[in-house]
Structures are given as structure tokens and as C-alpha cells.
Amino acid sequence: MELQKLIEKWDEIKEIVTKETETSEIAYNTWLKPLDVYDIVDGTVYIIYSEDSESRMIALIEKKYKVIIKNVIKDITGNQYDIKIILPDEALKINSTKTNNVDLPTNNNSTYTNTSNYVDSNLNPKYTFSTFVVGRNNKFAQGTAYTVAEAPGEICNPLFICGGPGLGKTHLMHAIGNQIIENDNNKKVLYVTAEEFTNEVIECIKNSRNKQNNDMTYFREKYRNADVLMIDDIQFFVGKESSQDEFFNTFNKLHTSGKQIVISSDKMPNEIEGFEDRYITRFEQGITAEIKIPDYETRVAIIKNKIENKDAYFPDDVVDYIASNIKSNIRSIEGAINKLIAYSNLENTDITIDNARDLLDSIISPDKPKEITPQLIIEVVCEHYGVTIEQLISKNRSQNIIRPRHVAMYLCTQETDCSQDTIAKLLDRKDHSTIINARDNIIEQLKTDKELQNQIDTIKKKINSN
């Protein structure tokens, strides 16, 4: 009877807890909404957190809400109980005398739907939790990220976010930083890409020839005095020993001091080749949150969210067309939306399914495999290495141009059906012998050069996501 009464009053109890703690909508969806009464055993109310999570998340929820839940239950029911919040796999161990009133999840897919420091922190204020569309593909990552934002350094440290390009890793990292600064403007939050970190290391090493130079001291103080350090695209460190060493020492200093570390990569920690085991074990000692490819419903939600933010209107058939055909990359979805809006504004016309099909033909190729052309490869290689197409096809023999040039030649031979003579003409080379030499040179380097392997893997992903 007591249990049934508590179940009937549970929504009311959560509503009161939400108001009294001034819990935001995002926090409610992350922490309170998934809570359900499971059982009452020996004076203890067992509340189940019906999400894919870890015990450290439960510890944070108990810290924030246990006392207030206990008090509200007493006010509503008149009974004094102890409170215990548990995960689904713990529920079956409880000495329960009744049939569970809560359906326990049987897999990892959730059934729930759910100013001043920005410049110094390198954060983009646009990327917040409120603008992040949550679906089954990213719910655990979003929930864990929000936990970090609310309690940096306490529960999920380090947080390792992984997933393919364009799925929202960077958005979540910026959202964490923005939320932390909103909660406490005195927190020193620092977001940086692994490439930017590496460039700073290189600059410090170059300047170290000047004995009066204090760049490295400043560099280390900058990163090791942060309250929250976020490094994006950690796989860029592969093959860069000096950068790895600096990051390793910075990681240890921050982690020992209880400072929050957030890392992102396109691979799971144990799948990143070229890192020593000491790095991988540190990445795995916290929580790894994977963002997967969004399902159809989530893609529709993403499209509608972006359209609303841009104050535009798309008919349902256009939304369906984009969601059905652009499946693996949110950046490509946004590119399609921007292209249609630009056309609509330029031509002063409504967006229809017919002009969507015409305009997005280069982005969407339904019912036929994506065509990878030498031109596309050259553009992506130039973008990756930060060189121009003019530099790539020039006679420039500097190392920072030769590497991208040879990579472009190699990828054109591997990823397209074009003849070597055709590739040579595109790259303004005399004949196919130059292409063959470059290809063979890269093949030989790939046998031992982990950094090159990583660069080519990254470029291939970019080619396929464009």
C-alpha cells in the first residue's frame, strides 16, 4: 500500500523537487526525469535511474537531490524513509518481495527522450546544451557532459568523448565550458584543439634558442593552471612526441590537482594507434562517452532545430528528404540547410522539394554511391594541411608543400579510377612518372610513419564526409 501511494505521488514529488532546487530543464531531463520508484524494502525507498550510466553519475545525483527527495517524500506521504538511488543492474540484487513495478532496460538504448571568459577560453557561446539536440545516439554523452559541467573534477574525470567527424563532439565540449563559466565566472576554462596545442609547442621549441626566452614557462603555466582543460581531436598528437610529452605532464598535474580534463577523438581510446600504453590507461580511467550516427528521428529533430534557429521554414517533405539522405554527418546537414536558405533569400522564393532536389544534388546522391573525384581530394588535402591549391600544383619544393602534394597524388591513385596521366595534368605535372614516384614514396613511408598514417586516415574521413 505504501509503495502504491508513493508511485502515484511520484510525478508530484519530482515536480516539487525541481522547483525547490531551481533545476533547469536540461538538468531535469538528465537527472530527475529518468528516476522512478522501484521498491520499498526495510524502510528504504529504492529509486532506479533508468538510463545507461555509471555509479559515479548516481553518486552525483544523490549528492544533489537525496536529502531534498527524502524531505519531500516525508511531506507528501507522512512517512520517513531512507533513500537509495540505484542502476538497473543493481535492482535485481535487492531483496524484493514484489514484482518490479519498473521495466528494467535490457540494452544500452535509452527509452527516454529527452560573457566575459569566452575569449580567453576559446569558447564559442553559440554551442550550449540548450542548442544540442539529444537522441539515442548521444544521450549518454550529453548526460555525462552535463554532469561534468555541473561538477567539474568530481565525477567524470577525465571525460573522453569519441565519435566520427561532424557528430557533435566539439559542440559538447564548448557546451561544457560555457555551462561551467555560467555557473562560476571565476573558473579558468581552456578549450584548444590538439593541432593548436602542437603549434604552440613547436613555437616554444623554436624560440628556445634564445636563452632569454620564457615561452615554454608561460606555455606550461597557461595550461597547468587551468581549472578545466579541453583538448579536441587528441588523435592529432600521434607521431608528435614533444606534444605528447607536454600533454602527458600537463594531464598528470591537472588530474592530481582535481582539475577537470575533457578529451575528444574520432576513435575509442584503445583504438588510437601511436600512443603509448601510459596515455591510453589515463584516458580510460575516467568515463568514455561515444557519440554514434544519429537515427532518422534525431536527424529530423536536428534539422528542425537548426531551421528554427535560422528563422526559416522548410516543408515536411524537404525535412524528410534531407534526413533520409544525409545520415552520417551533422555538418553536411547544416551545409544543406544553409544552401537552401541562401537560395531562397537570393531568389526570393519558397523552398520546395523540387528545388531542394536540384540544389542538393551535389550533396545528396540518393540511390547511387558517392563519387570521389581528384578535385575533391585535392581540396580536402589542401584544407587539412593549410596550403592553397596554387601552392600544391606549383614547383615549390619546401617540405610543408611536398608532403601534402605527395599525399594528394597518392590518394588520387587509391581513391579514384582516374588514370595517372589525368592526375598528372590536374596537378600540373609533366607525366605519370611523377605520380607513380609520389605514390610509391607514400606507400613506403606508411610502413613506419604513424603520424602519416593518422593524417591519411583523417583526410579519408573528411573526403567521405564532404
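Everything numeric in this text was worked out from a predicted model, so none of it was measured. Every chain's residues receive numbers from 1 upward, in the order its sequence appears when written. Reporting of local features is limited, given that this is a predicted model, to residues whose pLDDT is at least 70; pairs of side-chain atoms are given and counted only at 80 or more, and all residues count toward the totals for whole chains, interfaces and linings. Side-chain descriptors were evaluated using all non-hydrogen atoms of the structure, hydrogens and water having been removed beforehand.

### Quick word on the overall build of the protein chain
Next up, step 1: Across its full length, the protein chain carries 21 helices and 8 strands.
Next up, step 2: For the protein chain, the proportion of its 466 residues judged to be buried stands at 47%.
Next up, step 3: Computed with a 1.4 Å probe, the accessible areas rest on the Shrake-Rupley method; for each residue, only the protein chains presented here act as cover. A total accessible area of about 23600 Å² is found for the protein chain, and carbon and sulfur atoms account for 44% of it. Secondary structure elements are defined from DSSP: runs of H or I of at least 4 residues count as helices, runs of E of at least 2 residues count as strands, and each element is numbered from the N terminus. Three labels apply to residues, based on accessible area from a 1.4 Å probe with only protein chains included: buried if under 20% of the type maximum, exposed if over 50%, partly exposed otherwise in between.

### Some points on the nonpolar core
Next up, step 1: Core analysis: the largest hydrophobic core is formed by 56 residues, its most contacted members being Ile69 and Ile176.
Next up, step 2: For this core, the leading source of residues is helix H3 (residues 55–77), giving 9 residues.
Next up, step 3: Residues count as neighbours in contact if any of their non-hydrogen atoms are within 4.5 Å of one another. Leaving out residues up to four positions away in the same chain, Ile176 has contacts with Phe129, Ala145, Val148, Ala149, Leu159, Met230 and Val262.
Next up, step 4: Among buried residues, those of type Ala, Val, Leu, Ile, Met, Phe, Trp, Tyr and Cys that are joined through side-chain atoms within 4.5 Å constitute a nonpolar core. Among the nonpolar cores identified, the runner-up in size contains 29 residues, and Ala194, Tyr223, Ile231 and Phe247 belong to it.

### Things to note about helix H11 (residues 277–284)
Next up, step 1: Considered for burial, the residues of H11 that qualify are Tyr279, Ile280 and Phe283. Projection of H11 onto a plane perpendicular to its axis shows the buried side chains occupying an angular sector of 95°, all on one side.
Next up, step 2: Buried residues belonging to H11 abut strand S4 (159–162), helix H10 (241–256) and strand S7 (260–265). It is the directions from the helix axis to the C-beta atoms that the arc portrays.

### Focus on the pattern of salt bridges
Next up, step 1: One speaks of a salt bridge when a side-chain nitrogen belonging to Lys or Arg is within 4 Å of a carboxyl oxygen belonging to Asp or Glu. Overall, the coordinates contain 18 salt bridges when judged by the stated rule.
Next up, step 2: Between Lys306 and Glu334 there is a salt bridge; the shortest N-O distance is 3.4 Å. Of this pair, Lys306 sits in helix H12 (residues 296–309) while Glu334 is found in helix H14 (residues 330–347), placing the two residues 28 residues apart along the sequence.
Next up, step 3: Linking Glu415 and Lys460 is a salt bridge whose minimum nitrogen-to-oxygen distance equals 3.9 Å.

### Focus: the packing of H12 against H14
Next up, step 1: The N-to-C vectors of H12 and H14 enclose an angle of 45°; their axes lie 10 Å apart at closest approach. In this view, H12 runs oblique relative to H14, as classed from their interaxial angle. For H12 against H14, the interelement crossing comes out right-handed. On H14, the residues touching Arg299, Ile302, Ile303, Lys306 and Ile307 of H12 are Ile330, Ile333, Glu334 and Ile337.
Next up, step 2: When grouped by side-chain class, the residues that make up the contact of H12 with H14 number 6 nonpolar, no polar and 3 charged. To obtain each axis, a line is fitted to C-alpha atoms, and for helices this fit is confined to the stretch in contact; angles are then taken between N-to-C directions over 0 to 180 degrees. When an angle is under 35 degrees it counts as roughly parallel; over 145 it counts as roughly antiparallel; between 65 and 115 it counts as roughly perpendicular; any other value is oblique. Crossing chirality is assigned from the near helix's rotation relative to the far helix, an anticlockwise turn below a right angle marking it left-handed and a clockwise turn marking it right-handed. Classes in brief: Ala, Val, Leu, Ile, Met, Phe, Trp, Tyr, Cys and Pro nonpolar; Asp, Glu, Lys and Arg charged; the others, Gly included, polar.

### Regarding the packing of aromatic side chains
Next up, step 1: Note on aromatic contacts: the rings of Phe and Tyr and the six-membered ring of Trp form a pair at centre separations within 6.5 Å, being stacked when their planes are under 30 degrees apart, edge-to-face when over 60 apart, and tilted otherwise. Throughout the structure, instances matching the rule amount to 13 aromatic pairs.
Next up, step 2: The interplanar angle of 55° and the centroid separation of 4.9 Å between the aromatic rings of Phe219 and Tyr223 together place this pair among those described as tilted. Residue Phe219 and its partner Tyr223 are both found in helix H9 (residues 215–224); the two are separated by 4 residues, about one turn of the helix.
Next up, step 3: Accessibility expressed as a relative area gives 1% for Phe219, which makes it buried.
Next up, step 4: Exposure remark for Tyr223: the relative accessible area of 0% places this residue in the buried category.
Next up, step 5: Ring geometry for Phe247 versus Phe283: centroids 6.4 Å apart, planes at 45°, classification tilted. You can see Phe247 sitting in helix H10 and its partner Phe283 sitting in helix H11, a full 36 residues away along the chain. Phe283 shares its class with Phe247; the two are buried.
Next up, step 6: Residue placement shows Arg278 over the ring face of Phe248; its charged tip is 4.1 Å from the ring centre. Two limits define a charge over a ring: the Lys NZ or Arg CZ must be within 6 Å of the ring centre, and within 35 degrees of the ring normal.

### Description of the sheet that holds strand S5 (residues 189–193)
Next up, step 1: Should DSSP find at least two bridges between two strands, the strands are regarded as paired. One open sheet accounts for 5 strands, arranged S5-S6-S7-S4-S8; its pairing is parallel. Each edge of the sheet is formed by a strand with only one pairing partner; in this case those strands are S5 and strand S8 (287–290). Across the sheet, the mean angle separating the axes of adjacent strands is 15° when strand polarity is ignored.
Next up, step 2: Bridge count for strand S6 (residues 228–232) against S7 is 4 bridges, and the pairing is parallel. Looking at S7, one finds that Val228 is bridged to Gln260.
Next up, step 3: Contacting S4, S7 and S8, helix H6 (residues 139–150) crosses the sheet at an angle of about 135° to S8.

### Things to note about unusual backbone geometry
Next up, step 1: Following Asn157, the chain continues into Pro158 via a peptide bond in cis, with omega recorded as 0°.
Next up, step 2: Along the chain, the position of Pro158 falls in the loop between H6 and S4.
Next up, step 3: For Asp428, which is not glycine, the phi dihedral falls at a positive 60°.
Next up, step 4: Among the secondary structure elements, Asp428 is positioned in the loop between helix H19 (420–426) and helix H20 (432–446).

### Quick look at the side chain of Thr198
Next up, step 1: By the secondary structure assignment, Thr198 is in helix H8 (residues 194–207).
Next up, step 2: Here Thr198 falls in the buried class, since its relative accessible area comes to 3%.
Next up, step 3: Within the structure, the side chain of Thr198 is placed 3.3 Å from the side chain of Ser243, a separation counted as a polar contact.
Next up, step 4: Discounting chain neighbours no more than four positions away, the residues touching Thr198 are Phe236, Phe237, Lys240 and Ser243. Polar contacts, as counted here, are pairs of nitrogen or oxygen atoms within 3.5 Å of one another; within protein the pair requires one atom able to donate a hydrogen and one able to accept it, and residues that are adjacent in sequence qualify only if both atoms are side-chain atoms.

### Describing the pairing of S8
Next up, step 1: Residues Ile287 and Ala289 of S8 are buried on one face, while the alternating residues Thr288 and Glu290, pointing to the opposite face, are not.
Next up, step 2: Here 4 bridges tie S4 to S8, and the two strands are oriented parallel to one another. Within S8, the position partnered with Leu159 by the bridge is Ile287.

### Points about the environment of Phe248
Next up, step 1: Inspection of the secondary structure puts Phe248 in helix H10.
Next up, step 2: For Phe248, a relative accessible area of 10% gives the class buried.
Next up, step 3: As a C-alpha pair, Phe248 and Arg282 span 34 residues in sequence and 9.2 Å in three-dimensional space.
Next up, step 4: In this structure Phe248 touches Arg278, Tyr279 and Arg282, once residues within four positions along its chain are discounted.

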